[in-house]
Amino acid sequence: MEKDIARVVVDEKQIKDKLIELSKTLINDYQNKEWTIIAVLNGSLVFLADLIRLIPFSVRLDTIDASSYGDSTISKGEVNIIHNFKIDIEGKHVLVIDDIIDTGNTLKKVLADIKKYSPASLKSCVLLNRSGRRQSKIKPDYCCFNVGDDFVVGYGLDYNNKYRNLPYVAVLNDECYRRNCP
Ligand code: 5GP
Ligand code: MG
């Protein structure tokens, strides 16, 4: 995979340090509350796994599947949401975790969907924020890093379902996008 990387956008050390800082904020905001995290699949999985292991008290966890990108790097605009919650959300303090907010359409739809289940509170947390292409008036409550316009992969984020297991966030070589490597 290394040969496909044009440049690293957020390295492992930056991620590690930021997650410690974020976990302290979340511990402060959610301790003594019945905290429920809903992770947006699949891109948030690596972020989620590292983050929840920094939390010293019990966290309830479920997932929601939201897809808009298909196999390309351009958002199709419409968002498909699939979930089958196995835990109760009503009256719980829910935090939605996603990999990146771009147009904002995904997070907007996910939050609207979860709201129907009457949580006690509903907030959002993203690893990456790209504010230049926002279409919805939406601002995540917790955000780790701002990124530019280039499509990024790694630390959970994919390109055609590859590169999710890179331990950092990076931009691929142009050639990679053209010939769909590796
Ligand atoms: P939005 O609906 O905000 O435009 O996009 C949110 C979703 O699009 C994210 O959850 C993510 O799955 C995908 N996405 C947006 N930008 C990128 C990117 O730069 N790289 C990858 N791999 N996925 C992205
Ligand atoms: Mg996503």
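Structure first, text after, so check above.
The present account deals with the structure reproduced in this document. Note that this is a predicted model, so its numbers are computed, not measured. (Residues numbered from 1 in each chain as written. Chains lettered and ligands numbered in written order. Predicted model: local features only at pLDDT ≥ 70, side-chain atom pairs only at ≥ 80, totals over all residues. Heavy atoms only, no water.)

### Describing helix α2 (residues 45-52)
Phase 1 of the analysis: Taken together, the buried positions of α2 are occupied by Phe 47, Leu 48 and Leu 51. Buried residues of α2, seen end-on, are gathered within an arc of 100° and therefore sit on one face of the element.
Phase 2 of the analysis: On the buried face of α2, the contacting elements are α1 (12-30), β2 (35-41), β3 (60-67), β5 (93-101), β6 (121-129) and β7 (142-146). (Buried < 20%, exposed > 50% of the residue type's maximum accessible area, 1.4 Å probe, protein only. Helix = DSSP H or I, 4+ residues; strand = E, 2+ residues; numbered from the N terminus. Arc of directions from axis to C-beta. Contact = heavy atoms within 4.5 Å.)

### A look at the site of ligand 1
Phase 1 of the analysis: The local shell around ligand 1 holds 15 residues, among which Thr 103, Thr 106, Arg 130, Val 152 and Asp 158 are the closest.
Phase 2 of the analysis: Asp 99 places a polar side-chain atom, nitrogen or oxygen, 2.8 Å from an oxygen atom of ligand 1.
Phase 3 of the analysis: Contact between ligand 1 and Asp 158: a nitrogen atom at 2.7 Å from a main-chain N or O atom of the residue.
Phase 4 of the analysis: Taking 510 Å² as the accessible area of ligand 1 by itself, protein coverage stands at 92%.
Phase 5 of the analysis: Take the shell around ligand 1: its biggest share by element is four residues, from β5.
Phase 6 of the analysis: Classifying every residue of the shell around ligand 1 gives six nonpolar, four polar and five charged. (Near = heavy atom within 4 Å. Polar contact = N/O pair within 3.5 Å; in protein donor to acceptor, adjacent residues only side chain to side chain. Areas by Shrake-Rupley, 256 points an atom, 1.4 Å probe, with all protein chains shown as cover. Nonpolar A, V, L, I, M, F, W, Y, C, P; charged D, E, K, R; others polar.)

### Remarks on the packing of α1 against α2
Phase 1 of the analysis: Contact geometry for α1 and α2: axes closest at 10 Å, N-to-C directions at 65°. It follows from the interaxial angle that α1 and α2 lie roughly perpendicular. Pair α1 / α2 crosses with right-handed handedness. For the pair α1 and α2, contact is made by Leu 19, Leu 22, Ser 23 and Leu 26 and by Phe 47, Asp 50 and Leu 51, respectively.
Phase 2 of the analysis: When its residues are assigned to classes, the contact of α1 with α2 shows five nonpolar, one polar and one charged. (Axes fitted to C-alpha atoms, helices over the stretch in contact; angles between N-to-C directions. Parallel < 35°, antiparallel > 145°, perpendicular 65-115°, else oblique. Left-handed = near helix turned anticlockwise from the far one by under 90°.)

### Topic: the sheet that holds β2
Phase 1 of the analysis: Spatially, β4-β3-β2-β5-β6-β7 is the arrangement adopted by the six strands of the open sheet, whose pairing is mixed. Looking at the sheet topology across the chains shown, the edges are occupied by β4 (80-82) and β7. Strand-to-strand twist across the sheet, computed as the mean angle between neighbouring axes with direction ignored, equals 25°.
Phase 2 of the analysis: As defined by bridge partners, β2 adjoins β3 across six bridges and the pair is classed as parallel. Pairing of Ile 38 across the sheet is with Asp 62, part of β3. (Pairing = 2+ DSSP bridges.)

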